[in-house]
Amino acid sequence: TYSNSDAYVVTLTVTDDEGEKSSDTMTVVVENEIYILNLNYDSGSLSLESVIAKTGFAPDNRIQPDKGYKADVFSNDEKLYTFKFDIPLQLHYDEPGTDELSGGFLELEKTNFTLVIPYFGNAKQIDIYDTSDNLLLIVNVVGIPVERGSNCVLMNYSGPSAYKLDIVFVGD
């Protein structure tokens, strides 16, 4: 049993009565239920475009910025989950037509982005805070049913020059 959603490489080895062994390796994709929050950021304000629940991959909460925005999942007064994240407000670009690496960054004041958060059946709300810990948005998640299907697609390719290629796409 896997406790975290992820792609795992597993190997099964079988030994017969004479001590002969045979092994096979494959990739196993484990998905858990998640909330998908589609948000709009506009000059410091945050608004909810939509929220759904379905199966998929939640981000690894061990990988977080030291400082950033914060999302807390609550059930009544109990905090079930917390993590920090950045809002994608920089657009990296490259200058075309040159042989050298050039370009820069554009600072955005508005953007739409998606937060993926682990699902909790007893969750009541998700609170989102800015980098100064000011409450920006409260998202009510009571009664949101988990939709059938996944936010991931697994593709296998076994063409002429490939053994096996597993690709996981996250998104709709």
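Residues numbered from 1 in each chain as written. Predicted model: local features only at pLDDT ≥ 70, side-chain atom pairs only at ≥ 80, totals over all residues. Heavy atoms only, no water.

Participant: Would you mind showing me how to read the overall build of the protein chain here?
Facilitator: Each helix and strand counted, the protein chain has zero helices and 14 strands in total. When its helices and strands are written in sequence order, the protein chain yields β-β-β-β-β-β-β-β-β-β-β-β-β-β. Considering the protein chain as a whole, with its 172 residues, one finds that 28% of them fall into the buried category. Carbon together with sulfur atoms contributes 49% to the accessible area of the protein chain, which is approximately 11800 Å² in total. (Helix = DSSP H or I, 4+ residues; strand = E, 2+ residues; numbered from the N terminus. Buried < 20%, exposed > 50% of the residue type's maximum accessible area, 1.4 Å probe, protein only. Areas by Shrake-Rupley, 256 points an atom, 1.4 Å probe, with all protein chains shown as cover.)

Participant: Would you mind showing me how to read the environment of Lys124 here?
Facilitator: On the secondary structure map, Lys124 appears in the loop between strand S9 (110-118) and strand S10 (125-129). The residues touching Lys124, leaving out its near neighbours within four places in the chain, are Phe74, Ser75, Asn76, Val139, Asn140, Val141 and Val142. (Contact = heavy atoms within 4.5 Å.)

Participant: Please explain the nonpolar core as it appears in this structure.
Facilitator: Looking at soluble globular proteins, one finds that nonpolar side chains tend to be buried together. Ranked by internal contacts, the top residues of the largest apolar core, which has 24 residues, are Leu37, Phe85, Ile117, Ile126 and Ile128. Secondary-structure elements contributing two or more residues to this core are strand S3 (32-42), strand S4 (45-56), strand S5 (69-75), strand S6 (78-85), S9, S10 and strand S11 (135-140). The contacts of Ile126, once residues within four sequence positions are left out, are Tyr35, Leu37, Ala71, Asp72, Val73, Ile117, Leu137, Ile138, Val139 and Val141. In this structure, Ile34, Ile36, Ile52 and Val116 belong to the second largest nonpolar core, which totals five residues. (Core = buried A, V, L, I, M, F, W, Y, C linked by side-chain atoms within 4.5 Å.)

Participant: Got a minute to help me understand the pattern of salt bridges in this structure?
Facilitator: Opposite charge on two side chains makes pairing possible when the charged atoms of those side chains draw close. Counting across every chain of the model gives three salt bridges. With a closest N to O distance of 3.2 Å, Lys70 and Asp133 form a salt bridge. On the criterion of sequence distance, the pair formed by Lys70 in strand S5 and Asp133 in the loop between S10 and S11 is long-range, its members being 63 residues apart. On the basis of relative accessibility, which here comes to 47%, the residue Asp133 falls in the partly exposed class. A salt bridge links Lys79 to Asp72; the shortest N-O distance between them is 3.7 Å. (Salt bridge = Lys/Arg side-chain N within 4 Å of Asp/Glu carboxyl O.)

Participant: Quick question: what am I supposed to make of the confidence of the model for the protein chain here?
Facilitator: Atomic detail in the predicted coordinates should be set aside for any region of low pLDDT. Averaged over the protein chain, the pLDDT score is 81; the fraction of residues at 70 or greater is 80%. Note that pLDDT drops below 50 for residues 154-172; the model gives that stretch 29 contacts with residues more than four away or on any other chain. (pLDDT = per-residue confidence, 0-100.)

Participant: Explanation requested: the pairing of S4 in the structure shown.
Facilitator: For a regular strand, the rule is simple: side chains alternate between the two faces of the sheet. The pairing of S3 with S4 spans 11 bridges and is antiparallel. The residue bridging Leu37 from the neighbouring strand is Val51, located in S4. Counting the residues that bridge the hairpin from S3 to S4 gives two residues, and of these Ser43 lies at a positive phi of roughly 50°. (Pairing = 2+ DSSP bridges.)

Participant: Can you help me understand the sheet that holds S10 in this one?
Facilitator: Hydrogen bonds along the backbone pair up the strands of a sheet, which may run parallel or antiparallel. On the basis of which strands lie adjacent, the open sheet formed by four strands has the order S6-S5-S10-S11 and antiparallel pairing. One side of each edge strand has no neighbouring strand; the edge strands of this open sheet are S6 and S11. Between one strand and the next, the sheet's axes are offset by a mean angle of 20°, whatever the strand orientation. Bridge analysis of S5 against S6 gives seven bridges, and the strand direction is antiparallel. Paired with Ala71 across the bridge in S6 is Phe83. (Axes fitted to C-alpha atoms, helices over the stretch in contact; angles between N-to-C directions.)

Participant: Would you mind going over the side chain of Lys70 with me for this structure?
Facilitator: When its relative accessible area of 16% is taken as the criterion, Lys70 is described as buried. Within the structure, Lys70 has its side chain in polar contact with the side chain of Asp133 (distance 3.2 Å). Those residues in contact with Lys70 that sit more than four places away from it in its chain are Thr82, Phe83, Lys84, Phe85, Asp127, Ile128, Tyr129 and Asp133. (Polar contact = N/O pair within 3.5 Å; in protein donor to acceptor, adjacent residues only side chain to side chain.)

Participant: Which parts of the structure should I look at to understand a negative patch on the surface?
Facilitator: On the surface, a cluster of negative charge is contributed by Asp16, Asp17, Glu18 and Glu20. Looking at where Asp16 falls in the secondary structure, it is placed in the loop between strand S1 (6-15) and strand S2 (21-30). For Asp16, a relative accessible area of 36% gives the class partly exposed. (Patch = residues over 30% accessible without salt bridge, like charges linked within 9 Å, V, L, I, M, F, W, Y side chains within 5 Å. Lys, Arg positive; Asp, Glu negative; His and termini not counted. Charge placed at Lys NZ, Arg CZ, Asp CG, Glu CD.)

Participant: Sorry if this is basic, but what is going on with a nonpolar patch on the surface here?
Facilitator: A cluster of nonpolar side chains, contributed by Leu91, Tyr93, Leu106 and Leu108, occupies part of the molecular surface with about 330 Å² of accessible area. By the secondary structure assignment, Tyr93 is in strand S7 (residues 90-94).

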